[in-house]
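Examining the three-dimensional arrangement
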Amino acid sequence: MLGGEIVLRMNSPVTTIAEIGKHEGQAVTIRGWLYNLRESGKLLFPIFRDGSGIIQGVVPKNDVAPEVFDALKGLTQESSVIVEGKVRADKRAPSGYELDVMNVEVLQRVPENESFPISLKEHGVDFLMEHRHLWIRTPRQAAILRVRAEIIKAARDFFDERGFTLTDPPILTPAACEGTTTLFPVDYFDEQAYLTQSGQLYIEATAMALGKVYSFGPTFRAEKSKTRRHLTEFWMVEPEVAYAELADLMELAENFISFIVKRCLDKRPADLKTIGRDISHLEKITTPFPRVSYDEAVAMLQDAHAKGALENKFEYGGDFGSPDETYLSGQFDKPVIVHRYPAKVKAFYMEPDPQRPDLALCMDVLAPEGYGEIIGGSQRIGSYDLLLARIREHGLPEESFKWYLDLRKYGGVPHGGFGMGIERVVAWVCGLEHVRETIPFARTLHRLYP
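Keep in mind that what you see is a predicted model, and the values were worked out from it rather than measured. (Residues numbered from 1 in each chain as written. Predicted model: local features only at pLDDT ≥ 70, side-chain atom pairs only at ≥ 80, totals over all residues. Heavy atoms only, no water.)

Further remarks concern the environment of leucine 75. Within the element layout of this structure, leucine 75 appears in the loop between α1 (66–72) and β4 (80–89). Spatially, the C-alpha atoms of leucine 75 and proline 46 are 8.9 Å apart, while their sequence positions differ by 29 residues. Excluding residues within four positions of it along the chain, leucine 75 makes contact with Leu34, Leu37, Val81, Val106 and Arg109. (Helix = DSSP H or I, 4+ residues; strand = E, 2+ residues; numbered from the N terminus. Contact = heavy atoms within 4.5 Å.)

So this is what it looks like as structure tokens:
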């Protein structure tokens with residue numbers, strides 16, 4: 001039941017825990033929840049959280065009204081509270097500050113017989129995922145979500161500051177851009193449609209109208225994958241640039257990633273510390289990034305197999321799997337750009353290399369520390385005739401791509417772009433073992449809840 005009795009009137013300004021350092025020596029009011037409570041005789045040490053951070057309060061019995069002490073003594077975890085106190089600097093405190101509590105209002109007290117299920121003890125992953133709606137309240141999970149928000153803001157700022165226009169492709173599409181085997185079909189008024197796996201084809205159209213564009217939105221892949229890198233629903237940032245060639249895309253990608261990492265180091269050091277991230281790895285992420293061709297990467301993998309560093313020998317002509325990407329990225333302390341893959345393992349719309357038509361003018365950016373691909377992109381086919389031939393070769397419905405062919409018929413130019421999965425970047429920047437922690441409610445092969 002909501003509604004508590006205000007113990008004493010609170011007249012101090014309301015602030016957040018993240019901003020509390022601006023009020024050193026002043027009385028403030030914070031609104032949040034009790035995260036933990038230690039009791040030591042006539043001293044209480046409540047820890048409060050408000051979504052922006054956590055702070056410890058100090059409550060000496062003799063320094064506060066009896067009703068204040070009694071309201072906090074024995075208070076249960078996650079009870080909602082409004083607290084007034086004086087901000088005091090303390091170097092021993094994680095945030096650098098403590099709160100000398102003066103007044104408190106308990107809005108809702110969690111019943112003792114139905115205690116908050118996420119305690120400070122260890123819990124199994126299945127239990128935590130089934131209680132994800134509550135798990136996200138814990139400091140580490142909240143910190144991950146704040147880093148995620150910072151990465152999304154940085155991505156938008158990067159493109160907005162460089163003259164890109166945000167455009168929004170549809171989520172429901174009549175055809176796939178990379179085949180239909182990994183798409184979720186939906187009924188669209190008795191017609192077959194799909195949840196999008198990429199906004200790329202549509203933002204190619206807006207790039208021809210606006211020059212430099214990007215999209216940001218949800219995407220869906222029906223891959224039956226159980227790896228730590230895969231979700232069935234995730235978010236993608238996809239820039240597309242008219243008159244851009246492969247070299248331009250590689251430069252754009254490395255500047256983009258460097259910008260994001262620097263922003264997180266500048267704005268979210270406390271959250272990265274809460275997560276337990278070793279930021280020395282992130283501090284190395286500066287341009288330029290190493291670049292290796294597919295041929296060079298294959299040679300590295302085959303040499304690693306010969307030396308016993310890889311169990312399976314990589315056969316030339318295939319696409320890289322997770323062990324291959326992990327090994328390749330592990331050879332560098334920065335993201336590595338692998339470019340010019342065999343055209344036969346890539347999408348139909350990729351421009352062939354004029355020097356070697358069996359290769360596509362494409363690139364993947366592999367994050368270090370074994371996090372694998374975080375960006376995939378290419379220069380797009382500019383020729384109407386070649387694109388039509390590729391559509392036919394892949395057995396795609398020609399009528400569904402008539403509008404896409406029009407982009408080559410009416411003022412076609414060299415152009416290209418890439419997609420960056422937000423969740424994989426969050427996993428890498430935070431140093432997480434599994435991508436499921438990177439989004440508030442992860443959708444995986446066997447999980448469609450809570």
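In this section: the packing of aromatic side chains. With the rule as written, the count across this model stands at 21 aromatic pairs. Look at tyrosine 202 and tryptophan 403: their rings are 5.0 Å apart centre to centre, the planes differ by 20°, and that puts the pair in the stacked class. With tyrosine 202 in helix α5 (residues 200–210) and tryptophan 403 in helix α12 (residues 402–409), this pair connects stretches of sequence that are 201 residues apart. Cluster of aromatic residues (ring-pair linked, three or more members): Phe158, Phe159, Phe164, Tyr214, Phe256, Phe259 and Phe418. Geometry around phenylalanine 259 places arginine 162 over its ring, the cationic atom sitting 5.3 Å from the centre. In this structure, arginine 228 is placed above the aromatic ring of tyrosine 371, and the distance from its NZ or CZ to the ring centre is 5.7 Å. (Phe/Tyr/Trp six-rings, centres within 6.5 Å; stacked < 30°, edge-to-face > 60°. Lys NZ or Arg CZ within 6 Å of the ring centre and 35° of its normal.)

Under the counting rule described, the total for this entry stands at 2 cavities of 30 Å³ or more. Reported here for the second largest cavity is a volume of approximately 60 Å³. Arg228, Arg229, Tyr371, Arg424, Ala427, Leu432, Glu433, His434 and Val435 together form the lining of the second largest cavity. Here the residues of the lining of the second largest cavity are counted per class, giving 4 nonpolar, 1 polar and 4 charged. (1 Å grid on protein atoms, 1.4 Å probe; cavity = no way out; pocket = protein on both sides within 12 Å on 5 of 7 lines; lining within 4 Å. Points joined across faces, edges and corners; volume = space filled by probe spheres on them. Nonpolar A, V, L, I, M, F, W, Y, C, P; charged D, E, K, R; others polar.)

On to the nonpolar core. Among the nonpolar cores identified, the biggest contains 50 residues, and Ile151, Phe256, Ile257, Met363, Ile375, Trp428 and Val429 are the most heavily contacted of them. At 12 residues, the largest contribution of residues to this core is made by helix α6 (residues 246–267). Non-local contacts of isoleucine 375, meaning those with residues more than four positions away in its chain, are made with Ala253, Phe256, Ile257, Met363, Asp364, Val365, Phe418, Gly419 and Met420. Residues Tyr341, Phe348, Leu366 and Leu388 belong to the second largest nonpolar core, which totals 32 residues. (Core = buried A, V, L, I, M, F, W, Y, C linked by side-chain atoms within 4.5 Å. Buried < 20%, exposed > 50% of the residue type's maximum accessible area, 1.4 Å probe, protein only.)

Turning next to the state of the cysteines. Applying the stated criterion to the full structure yields 0 disulfides. Unpaired in this structure, cysteine 264 has its nearest cysteine sulfur neighbour in cysteine 430, at a distance of 7.4 Å. Residue classification places cysteine 264 among the buried residues on the basis of a relative accessible area of 1%. (Disulfide = S-S within 2.5 Å.)

Turning our attention to the pattern of salt bridges. Applying the stated rule across the entire model yields 33 salt bridges. The partner of arginine 277 in a salt bridge is glutamate 369, and the shortest N-O contact between them spans 2.8 Å. Remark: glutamate 369 occurs in the loop between β14 (362–367) and β15 (372–379) and arginine 277 occurs in the loop between α7 (269–275) and α8 (279–282); sequence separation between them is 92 residues. A salt bridge links aspartate 295 to arginine 356; the shortest N-O distance between them is 2.7 Å. Here aspartate 295, found in helix α9 (residues 294–306), pairs with arginine 356, found in the loop between β13 (336–339) and β14; they are 61 residues apart in sequence, far enough to count as distant. Overall, the relative accessible area of 30% leaves aspartate 295 in the partly exposed class. Three or more residues are tied together by salt bridges with common partners; here these are Arg146, Glu150, Lys153, Asp157, Arg263, Arg268 and Asp271. (Salt bridge = Lys/Arg side-chain N within 4 Å of Asp/Glu carboxyl O.)

In this section: the pairing of β15. Among the 8 residues that make up β15, 6 are buried, leaving the element largely enclosed by the rest of the structure. Summarising the sheet, β14 and β15 pair through 6 bridges and their orientation is antiparallel. If you follow valine 365 over to β15, its bridge partner there is isoleucine 375. Connecting β14 to the antiparallel partner β15 that follows it, the hairpin turn spans 4 residues, and glutamate 369 within it adopts a positive phi of roughly 65°. (Pairing = 2+ DSSP bridges.)

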